[in-house]
Amino acid sequence: MKKYQLWILVTIIAISGFSQGMLLPLIAVIFEKAGVSSSLNGLNATALYIGILLISPFMETPLRKYGYKPTIIFGGGLVVLALAMFPLWKSFWFWFCLRALIGIGDHALHFATQTWITSASPNEKRGRNIALYGLFFGIGFASGPLMTPLVNVNESLPFIISSILCLIGWVFVFTLKNEFPEQEVGINSFFNTIKRFNKTMKYGWIAFLPPFCYGFLESSLNGSFPVYALRMDIDVASVSLLLTGFAIGGIITQLPLGVLSDSYGRRNLLMIVLILGFFTFTSASIFEHSFIGLFISFLLSGMVVGSTFSLGISYMTDLVPRNLLPTGNLLCGIFFSLGSLSGPIIGGLYIQFFKGISFFYIISSMLLVLSIVIYAFGKKNHQVVEQHNS
């Protein structure tokens, strides 16, 4: 993969991360101030992921038919359009539909860029290149919540800034030369995609759990935690700083962990970071009444589990045959979406019905369970793939 090509792809991913990182806390705060319940607030946050899930079964065929570039242009254009329409009408269901459109656009964007990077990267640099993808998404996502305080100036301002930035990044995609994933005879149909889903799940199911976990973690932190924090009398500016702290933690370690995974194995590294994540989020529940304690916990949590998604993608490329990589990337996106979908709903219900019990317990428990599952089943899965490849 050419450097110029890689840098344009990761830059547009950074801008996409910025819009996602901005939308979750921004709309959560706007709706909380408008008196919308935490469970309804969580429901609105799921629209993005409903959009992703609705479009997922239909994404692989156009990617194989038209190539990476047109898929990214379609996705980016849809995101720009939807972001620009938010200030037109402040309505729960109108914003729900716009978030669903952003989900469709973002998924096209991420699916095409992920598959392009994983397919075009040599084995010895794949972890590093996917880490760069995660790093730039993380930089964008970290910057997003900083737009939340602008809601006090003008509710439309963050949406306008975000749509302009996305438009600038989108224009650069037109300079790339189009490429296609590996083709196979009779592959371009919806039913063949479903068959490939089953085949890919057989090889890589364990690798789809980290993206699920990261989706749950990210969406519940950005969608439900602001509501929990506001009810604990933590101000909006402090909430955005805490979320930025988590994202910065992920940025600091994203590339080093990607490089380490190339040397020491994805499974080993995933088990370590998930166990450490369990401890850091447990510490967040202990220090939740101290801003400094919470900030340190968020920063450390980001450093250990902020790479879970990109490590999951790299782990998938180790387990899945090369011709199934587009399907594997698609399934990573689907599992991330399922996690992201359940995060705000479960988080919102948890806040509503478990008053007095720390919000962070739900996250730390999930991280502990996942580390046990990868320890118990990950090695067995590796042996199945090695037998298939030999």
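This one's a predicted model, so the numbers in the text were calculated from it and none came from an experiment. Note on numbering: residues in each chain are counted from 1, in written sequence order. In keeping with the predicted nature of the model, local features appear solely for residues at pLDDT of at least 70, side-chain atom pairs appear and are counted solely at 80 or more, and the whole-chain, interface and lining totals rest on all residues. Calculated side-chain values reflect all of the structure's heavy atoms, with hydrogen atoms and water omitted.

Colleague: I keep staring at the overall build of the chain and nothing clicks. Help me out?
Modeller: Counting from the N terminus, the helices are the DSSP runs of H or I reaching at least four residues and the strands are the DSSP runs of E reaching at least two. Tallying secondary structure elements over the chain gives 17 helices and 0 strands in all. Atoms counted for the radius of gyration: C-alpha only. Globule rule: 2.2 Å times residue count to the power 0.38. The C-alpha radius of gyration of the chain comes to 20 Å, within 12% of the 21 Å expected for a compact globule of 390 residues. For the chain, the spread of C-alpha atoms along the principal axes amounts to about 60 × 45 × 35 Å. Throughout this description, buried means an accessible area under 20% of the type-specific maximum (1.4 Å probe, protein chains only), exposed means over 50%, and partly exposed covers the range between. Residues counted as buried form 60% of the 390 residues belonging to the chain.

Colleague: Please clarify how the pattern of salt bridges should be interpreted in this entry.
Modeller: Pairing between side chains becomes possible if they bear opposite charge and their charged atoms approach one another. The term salt bridge refers to a side-chain nitrogen of Lys or Arg lying within 4 Å of a carboxyl oxygen of Asp or Glu. With the rule as written, the count across this model stands at 6 salt bridges. Residues Arg-64 and Glu-60 are paired through a salt bridge, measuring 3.0 Å at the closest nitrogen-oxygen approach. Note that Arg-64 and Glu-60 are positioned in helix α4 (residues 60–66) at a spacing of 4 residues, about one turn of the helix. Side by side, Arg-64 and Glu-60 carry an identical accessibility label, which is buried.

Colleague: What is the right way to read unusual backbone geometry from this model?
Modeller: With glycine set apart, most residues show a phi of negative sign, and most peptide bonds adopt trans. You will see that Asp-233, though not glycine, has its phi angle at about 65°, which is positive. For Asp-233, the position within the fold is in the loop between α11 (225–231) and α12 (236–264). The exposure class assigned to Asp-233 is exposed, which follows from its relative accessible area of 72%.

Colleague: In this structure, what is going on with the nonpolar core? I would like to understand it.
Modeller: General note: in soluble globular proteins, nonpolar side chains tend to be found buried as a group. Counting 110 residues, the largest nonpolar core has Leu-221 and Phe-225 as the members making the most contacts within it. Per-element tally for this core: the top contributor is helix α1 (residues 3–33), with 16 residues. It only takes one pair of heavy atoms within 4.5 Å for two residues to be counted as in contact. In this view, Phe-225 contacts Ser-220, Val-239, Leu-242, Leu-243, Phe-298, Phe-359 and Phe-360; residues no more than four positions away in its chain are not counted. The criterion is simple. A nonpolar core is a set of buried Ala, Val, Leu, Ile, Met, Phe, Trp, Tyr and Cys residues joined through side-chain atoms within 4.5 Å.

Colleague: Please explain the side chain of Ser-224 as it appears in this structure.
Modeller: Tracing the backbone shows Ser-224 in the loop between α10 (209–223) and α11. Overall, Ser-224 belongs to the buried group, its relative accessible area being 3%. Non-local contacts of Ser-224, meaning those with residues more than four positions away in its chain, are made with Ser-219, Gly-343, Pro-344, Gly-347, Gly-348, Ile-351 and Phe-359.

Colleague: Would you mind going over the confidence of the model for the chain with me for this structure?
Modeller: Low pLDDT marks regions whose predicted coordinates should not be analysed in detail. You can read pLDDT as the predictor saying how much it trusts each residue, on a scale of 0 to 100. For the chain, per-residue confidence averages 85 on the pLDDT scale, and 95% of positions sit at 70 or higher. Note that pLDDT drops below 50 for residues 386–390; the model gives that stretch 2 contacts with residues more than four away or on any other chain.

Colleague: Looking at this structure, I do not really get the packing of aromatic side chains. What am I missing?
Modeller: The description of an aromatic ring pair rests on the distance of the ring centres and on the angle between the ring planes. Ring geometry is summarised as follows: Phe, Tyr and Trp rings, the Trp one being its six-membered ring, pair when their centres sit within 6.5 Å, and such pairs are stacked at plane angles under 30 degrees, edge-to-face over 60 and tilted between the two. In this structure the tally under the stated criterion is 29 aromatic pairs. Taken together, a centroid distance of 5.4 Å and an interplanar angle of 40° make the contact between Trp-89 and Phe-94 tilted. What makes Trp-89 exposed here is its relative accessible area of 52%. Their ring planes at 45° and their centres at 6.3 Å tell us that Phe-246 and Phe-281 sit as a pair that is tilted. Here Phe-281 lies in helix α13 (residues 266–286) and Phe-246 lies in helix α12, a separation of 35 residues in the sequence. Pair check on accessibility: Phe-246 and Phe-281 agree, each one buried. Joined through ring pairs, the aromatic side chains of Phe-31, Phe-86, Phe-92, Trp-93, Trp-95, Phe-96 and Phe-159 make up one cluster.

Colleague: In this structure, what is going on with the packing of α12 against helix α14 (residues 291–305)? I would like to understand it.
Modeller: In a pair of packed helices, the angle between the axes and the distance between the axes together describe the arrangement. Two numbers describe how α12 lies on α14: the axes approach to 6 Å, and their chain directions differ by 30°. If you check the angle between α12 and α14, you find them roughly parallel. Crossing handedness for the pair α12 and α14: right-handed. Taken together, the residues of α14 that come into contact with α12 (itself represented by Ser-238, Leu-241, Leu-242, Leu-243, Gly-245, Phe-246, Ile-248, Gly-249, Gly-250, Ile-252, Thr-253 and Leu-257) are Phe-291, Leu-294, Phe-295, Phe-298, Leu-299, Ser-301, Gly-302, Met-303, Val-304 and Val-305. A per-class count over the contact of α12 with α14 returns 15 nonpolar, 7 polar and no charged. Throughout, an axis means a line fitted to C-alpha atoms (over the contacting stretch in the case of helices), and angles, computed between N-to-C directions, take values from 0 to 180 degrees. Each angle receives one of four descriptions, namely roughly parallel if under 35 degrees, roughly antiparallel if over 145, roughly perpendicular if within 65 to 115, and oblique otherwise. It is the rotation of the near helix from the far one that decides the hand of a crossing: anticlockwise by less than a right angle makes it left-handed, clockwise makes it right-handed. Lys, Arg, Asp and Glu make up the charged group, whereas Ala, Val, Leu, Ile, Met, Phe, Trp, Tyr, Cys and Pro make up the nonpolar group; the residues left over, Gly among them, are polar.

Colleague: Can you help me understand the environment of Asn-178 in this one?
Modeller: Within the element layout of this structure, Asn-178 appears in the loop between α8 (157–173) and α9 (190–204). With a relative accessible area of 25%, Asn-178 lands in the partly exposed category. Distance in space between the C-alpha atoms of Asn-178 and Thr-71 is 10.0 Å, their sequence separation being 107 residues. Those residues within four positions of Asn-178 in sequence are excluded, and the remaining contacts are Tyr-66, Gly-67, Tyr-68, Lys-69 and Pro-70. Think of a polar contact as two N or O atoms within 3.5 Å of one another; within protein, one of them needs to be a possible hydrogen donor and the other a possible acceptor, and neighboring residues in sequence only count if both atoms come from side chains. Polar contacts involving the side chain of Asn-178 include one to the main-chain amide nitrogen of Tyr-68, which spans 3.2 Å. Polar contacts involving the side chain of Asn-178 include one to the main-chain amide nitrogen of Lys-69, which spans 3.0 Å.

Colleague: Help me understand the packing of α10 against helix α15 (residues 308–319) in this model?
Modeller: At their nearest, the axes of α10 and α15 sit 8 Å apart, and the two run at 165° to each other. By the angle between their directions, the pair α10 and α15 is classed as roughly antiparallel. Where α10 crosses over α15, the two elements pack in a sense that is left-handed. Side by side, α10 and α15 meet where Pro-210, Pro-211 and Tyr-214 of the first sit next to Thr-308, Phe-309 and Gly-312 of the second.

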